[in-house]
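# Chains, contacts and geometry: an overview
Each chain, letter by letter, is given below.
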Amino acid sequence: AEAERYGGALLVTDETMPAEGTVAAWGESYHYWEVGINEHSVCTARELYQQLSAEGVHNVQYHRVPITDESPPMESDFDTIMRCMGRSAERKS
C-alpha cells in the first residue's frame, strides 16, 4: 500500500558502515527511496516461507522470536530458539 501511495517507491532506512574497530550498531542511519516497488517485489518473512513451502521446499520452517538491538534477549528467548533448532534436527534424522 505504501509503494502504491508513493508511485512505486518505498522509503527505506539503512545504516552506514561504522568506523573500523567500533560496534556495528554505531553506524549512522539514513533514509532513501527504493523505486520500482510493486505488490510482487516485497513480502514478509512469513510470506516467503509460505511461498517456499508451496514450491515444495519442506526443509525450512518459519519461527519468529522477537529480539531487538535495544535490549538483551531474555533467557526464555534462548529456550525458544533451542526448542526450534531441536525440532529441526529431529526432522532431519
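Residues numbered from 1 in each chain as written. Predicted model: local features only at pLDDT ≥ 70, side-chain atom pairs only at ≥ 80, totals over all residues. Heavy atoms only, no water.

### Description of the overall build of the chain
Here is the rule: Secondary structure elements follow DSSP: runs of H or I no shorter than four residues count as helices, runs of E no shorter than two count as strands, and numbering proceeds from the N terminus. Burial classes follow relative accessibility: with a 1.4 Å probe on protein chains only, a residue under 20% of its type's maximum area counts as buried, one over 50% as exposed, and anything between as partly exposed. Contacts: residue pairs with any heavy atoms within 4.5 Å of one another.
Assigned secondary structure in the chain consists of 3 helices and 2 strands. Helices and strands appear in the chain in the N-to-C order α-β-β-α-α. Per-residue burial over the chain gives 8% buried out of 93 residues. Contacts in the chain between residues at least 24 apart in sequence constitute 23% of all its contacts with a sequence separation of at least 6.

### So, a negative patch on the surface
For clarity, the threshold we go by: Residues enter a patch when their relative accessible area is above 30% and they make no salt bridge; the linking distance is 9 Å between like charges and 5 Å between nonpolar side chains (Val, Leu, Ile, Met, Phe, Trp, Tyr). Computed by Shrake-Rupley with a 1.4 Å probe, the accessible areas treat only the displayed protein chains as cover when residues are assessed. For salt bridges, the criterion is a side-chain nitrogen of Lys or Arg within 4 Å of an Asp or Glu carboxyl oxygen. Under the convention used here, Asp and Glu are negative, Lys and Arg are positive, and both His and the chain ends fall outside the count. For this purpose, a charge sits on NZ of Lys, CZ of Arg, CG of Asp or CD of Glu.
Together, Asp14, Glu15, Glu28, Asp69 and Glu70 line one region of the surface with negative charge. Residue position: aspartate 69 is located in the loop between helix H2 (45-54) and helix H3 (75-92).

### Here we look at a nonpolar patch on the surface
A surface patch of nonpolar side chains, amounting to about 430 Å² of accessible area, comprises Tyr6, Leu11, Trp33 and Val35. Of note, tyrosine 6 is situated in the loop between helix H1 (2-5) and strand E1 (9-15).

### Considering the confidence of the model for the chain
Applied cut-off: On a range of 0 to 100, pLDDT expresses the predictor's confidence in each residue.
For the chain, the mean per-residue pLDDT works out to 82, and 85% of the residues sit at or above 70. Mean pLDDT across the elements of the chain bottoms out in H3 (81) and peaks in strand E2 (residues 29-35) (90).

### Describing the side chain of aspartate 77
To keep it simple, the criterion reads: Think of a polar contact as two N or O atoms within 3.5 Å of one another; within protein, one of them needs to be a possible hydrogen donor and the other a possible acceptor, and neighboring residues in sequence only count if both atoms come from side chains.
Tracing the backbone through its elements, the reader meets aspartate 77 in helix H3. For the buried aspartate 77, no salt bridge exists, and the shortest N-O distance to an oppositely charged side chain is 8.6 Å, to arginine 83. A polar atom in the side chain of aspartate 77 sits 2.9 Å from the backbone nitrogen of methionine 74. Setting aside residues no more than four positions away along its own chain, aspartate 77 makes contact with Val65, Pro66 and Ile67.

### A word on the packing of aromatic side chains
Basically, it comes down to this: Centres within 6.5 Å make a pair out of two Phe, Tyr or Trp rings, where for Trp the six-membered ring is used; the pair is then stacked when the planes are under 30 degrees apart, edge-to-face when over 60, and tilted otherwise.
The final tally for this structure, using the stated rule, is 2 aromatic pairs. Summarising the aromatic geometry, the rings of tyrosine 6 and tryptophan 33 are spaced 5.3 Å apart at their centres and angled 55 degrees between planes, so their arrangement reads as tilted. Of this pair, tyrosine 6 sits in the loop between H1 and E1 while tryptophan 33 sits in strand E2, and the two are 27 residues apart along the sequence. Judged by relative accessible area, tyrosine 6 falls into the partly exposed class, the value being 43%. The class of tryptophan 33 is partly exposed, set by a relative accessible area of 44%.

### A closer look at the environment of glycine 7
Inspection of the secondary structure assignment puts glycine 7 in the loop between H1 and E1. Residues glycine 7 and isoleucine 37, spaced 30 residues apart in sequence, show a C-alpha to C-alpha distance of 8.6 Å.

### Structural notes on the environment of tyrosine 62
As for its placement among the helices and strands, tyrosine 62 is situated in the loop between H2 and H3. It is 6.4 Å that separates the C-alpha atoms of tyrosine 62 and arginine 46, two residues lying 16 residues apart in sequence. Look past the residues within four positions of tyrosine 62 in its chain and what remains in contact with it is Ala45, Arg46 and Tyr49.

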